[in-house]
Amino acid sequence: MKYTHDEIREMLPDYLNGILEKTICTDIETHLKGCPECKDEVSFISELQKTKVPEPGELFWNTLPQKLSRIVAEKRQRRGLFDWLLRPAPAMVSVLLFMALVLSYLYIKSTDTNGIDPLFEDPLAYSSIEINDITEEDVLAFLAEEIGSESTEIYLEDTDPYSYYMDFASLSSAEIKSLYEALEREQTKGG
Amino acid sequence: MNEDRELIDKAIEGSEEAIEALVRRYQRMVYAFAYRMINDMEEAKDITQKIFIQAINGLKGFKKEASFRTWLYRIAVNVCLNHRRTRRNNEVDINETITGNQKGVLSIMIEKERENFIKNALEELPPKQRLAIVLRTYEGLSCHEASKIMGCTEGAVKAHYHFGVKKLREILKEKGI
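Residues numbered from 1 in each chain as written. Chains lettered and ligands numbered in written order. Predicted model: local features only at pLDDT ≥ 70, side-chain atom pairs only at ≥ 80, totals over all residues. Heavy atoms only, no water.

1. Concerning the overall build of chain A
Here is step 1: Within chain A one finds eight helices and zero strands.
Here is step 2: Taken from N to C terminus, the helices and strands of chain A fall in the order α-α-α-α-α-α-α-α.
Here is step 3: Each of the 191 residues in chain A was classed as buried or not, and the buried ones make up 17%.
Here is step 4: In chain A, the proportion of contacts linking residues at least 24 apart, taken out of those at least 6 apart, comes to 36%.
Here is step 5: Per element, the accessible surface of chain A, about 15,600 Å² overall, is 60% carbon and sulfur. (Helix = DSSP H or I, 4+ residues; strand = E, 2+ residues; numbered from the N terminus. Buried < 20%, exposed > 50% of the residue type's maximum accessible area, 1.4 Å probe, protein only. Contact = heavy atoms within 4.5 Å. Areas by Shrake-Rupley, 256 points an atom, 1.4 Å probe, with all protein chains shown as cover.)

2. Here's the deal with the packing of helix α6 (residues 127–138) of chain B against helix α7 (residues 143–150) of chain B
Residues and elements named next belong to chain B.
Here is step 1: Taken N-terminus to C-terminus, the directions of α6 and α7 make an angle of 140 degrees; their axes are 10 Å apart at the nearest point. Relative to α7, the element α6 lies oblique. As for how α6 packs across α7, the hand of that crossing is right-handed. Residues Lys128, Leu131, Ala132, Leu135 and Arg136 of α6 touch α7, and the partners they reach there are Cys143, Ala146, Ile149 and Met150.
Here is step 2: Looking at the contact of α6 with α7 residue by residue, the classes come out as seven nonpolar, no polar and two charged. (Axes fitted to C-alpha atoms, helices over the stretch in contact; angles between N-to-C directions. Parallel < 35°, antiparallel > 145°, perpendicular 65-115°, else oblique. Left-handed = near helix turned anticlockwise from the far one by under 90°. Nonpolar A, V, L, I, M, F, W, Y, C, P; charged D, E, K, R; others polar.)

3. Here we look at empty space enclosed by the protein
Here is step 1: On inspection of all chains with the given rule, the structure shows three cavities of 30 Å³ or more.
Here is step 2: Of the volumes computed, that of the largest cavity is approximately 60 Å³.
Here is step 3: A:Thr51, B:Tyr35, B:Arg36, B:Asn39, B:Lys119, B:Leu122, B:Arg130 and B:Tyr138 are the residues that line the largest cavity.
Here is step 4: By residue class, the composition of the lining of the largest cavity is three nonpolar, two polar and three charged. (1 Å grid on protein atoms, 1.4 Å probe; cavity = no way out; pocket = protein on both sides within 12 Å on 5 of 7 lines; lining within 4 Å. Points joined across faces, edges and corners; volume = space filled by probe spheres on them.)

4. Focus on the environment of B:Lys60
Residues and elements named next belong to chain B.
Here is step 1: The topology assignment puts lysine 60 in the loop between α3 (41–57) and α4 (68–86).
Here is step 2: You can call lysine 60 exposed: its relative accessible area is 69%.
Here is step 3: As for lysine 60 and glutamate 13, which are separated by 47 residues in sequence, their C-alpha atoms are 9.8 Å apart.

5. A word on the confidence of the model for chain B
Residue and element names in this part refer to chain B.
Here is step 1: Of all residues in chain B, 89% attain a pLDDT of 70 or more, and the chain-wide mean is 85.
Here is step 2: Contacts for the low-pLDDT stretch residues 91–100, under 50 throughout, to residues beyond four places or in other chains number 15 contacts.
Here is step 3: For this predicted complex, the interface confidence comes out at an ipTM of 0.75, alongside a pTM of 0.61. (pLDDT = per-residue confidence, 0-100.)

6. A few points about helix α2 (residues 16–38) of chain B
Residue and element names in this part refer to chain B.
Here is step 1: At tyrosine 26, α2 shows its largest bend, some 50 degrees.
Here is step 2: Among the 23 residues that make up α2, 17 are buried, leaving the element largely enclosed by the rest of the structure.
Here is step 3: Among the residues of α2, the N-terminal cap falls to serine 15, whose side-chain oxygen and the backbone nitrogen of glutamate 17 are separated by 3.4 Å.
Here is step 4: Looking one or two residues beyond α2, the residue adopting positive phi is asparagine 39, at roughly 65 degrees. (Bend = angle between axes of the 7 residues up to and from the residue. Polar contact = N/O pair within 3.5 Å; in protein donor to acceptor, adjacent residues only side chain to side chain.)

7. Some points on the packing of aromatic side chains
Here is step 1: Enumeration according to the criterion identifies eight aromatic pairs over all chains in this entry.
Here is step 2: The cationic tip of B:Arg169 hangs over the ring face of A:Phe44; the distance from NZ or CZ to the ring centre is 4.9 Å. (Phe/Tyr/Trp six-rings, centres within 6.5 Å; stacked < 30°, edge-to-face > 60°. Lys NZ or Arg CZ within 6 Å of the ring centre and 35° of its normal.)

8. As for the interface of chain B and chain A
Many structure descriptions define interface size as the accessible area lost when the parts assemble.
Here is step 1: Each partner contributes residues to the interface: chain B has 42 residues there, and chain A has 34 residues.
Here is step 2: Of the roughly 3,600 Å² buried between chain B and chain A on both sides combined, carbon and sulfur atoms contribute 60%.
Here is step 3: In this structure, the connection of chain B to chain A is made through six salt bridges.
Here is step 4: Across the pair A:Glu55 and B:Arg28 runs a salt bridge whose closest N-O atoms are separated by 3.8 Å. (Buried area = accessible area lost by both parts, 1.4 Å probe. Salt bridge = Lys/Arg side-chain N within 4 Å of Asp/Glu carboxyl O.)

9. Let's talk about helix α5 (residues 105–124) of chain B
Here is step 1: Helix length check: α5(B), at 20 residues, gives a terminal C-alpha distance of 29 Å against a target of 28 Å (1.5 Å per residue), a fit within 8%.
Here is step 2: Within α5(B), burial applies to B:Ile108, B:Glu115, B:Asn116, B:Ile118, B:Lys119, B:Ala121, B:Leu122 and B:Glu123.
Here is step 3: Those residues of α5(B) that are buried are in contact with α3 (36–50) of chain A together with α2, α4, α6 and α8 (154–174) of chain B. (Expected span 1.5 Å × (residues − 1).)

10. Overview of unusual backbone geometry
In terms of backbone geometry, most residues other than glycine have negative phi values and most peptide bonds are trans.
Residue and element names in this part refer to chain B.
Here is step 1: Even without a glycine there, the phi angle at asparagine 39 is positive, about 65 degrees.
Here is step 2: Examined against the element boundaries, asparagine 39 turns out to sit in the loop between α2 and α3.
Here is step 3: Since its relative accessible area comes to 6%, asparagine 39 is described here as buried.

11. Description of the pattern of salt bridges
Here is step 1: With the rule as written, the count across this model stands at 17 salt bridges over all chains.
Here is step 2: Across the pair A:Arg9 and A:Glu37 runs a salt bridge whose closest N-O atoms are separated by 2.8 Å. Placement of A:Arg9 in helix α1 (residues 5–17) and of A:Glu37 in helix α3 is noted, with a sequence separation of 28 residues between them.
Here is step 3: For A:Glu37, a relative accessible area of 41% gives the class partly exposed.
Here is step 4: In the salt-bridge network here, residues are joined through shared partners; they are A:Arg9, A:Glu37, A:Asp40, A:Glu41 and B:Arg169.

Spelled out as structure tokens, the structure:
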């Protein structure tokens, strides 16, 4: 005997389905004659195979192919509108075109000065400016020169060392409190 | 095999005739498998449709050196197992109409009852054991083919089949069959 008991047992479904060679079938049949366990297994599998699949009817078989091809065709048609975007070459071209547009827009935006003169005619000169050397008067003079015109006024109150803001800033918290109370009294009793 | 490949090429190009021919060729196999896995005729019909739609939409991904039948079975296995996972109502339809008048009504009823017991017992098995039994016993596939479909080794298929049959026998024994 070529095959062991376990090997034959494993081949039993194939034997019952008729997919084995004739010589193997003969070996199995010889084994079955002397092995009640395998014989029992064969009858059990045969019993299982007896369970039938209910027939859905000719209408189902006849209509299913057309129904499926129609569903697939409709789906393809719907997808067809944007399908070209899914192909690698057009998708790549679209992305590159979009990137070129964005980059050119950013470049134009960065170079467009809308007629305003650059602050420094010589950009290299910028590095030679020492920030520590710049005084408040220099800033004000620069602003007056650059922005100043007949219609523009520069308010220098905030920078005036004698403005009333500076007076308030020098007050202590107790003084501010008493000032606040005095103002409130004035408001309730009338000026 | 070659005919399958020709039909697949044409189906990919969009030929409706090729799609219909492919469906016609495999519809009975797919339906029988779906029924064995789902155990409900109406659901099996819907599942059959679903399997074919998935297969046709995925034809571009099919490797032509592989067997179309095995590939289709793999899709069927995935669809059926997903369906079983999501199915809420596990009741088995026992009201199928009895047809045929050659045998006596009583013997037909006994046979039907027996069939229902076996179907219900199959339902109780873990999915992989059930799948191994369906593929080996009902679909007549070899261990090698079943392993390709189930995505496991031949040894694993043998083990699932062996334990499945053992458990099935125990269940039927408990029910007195």
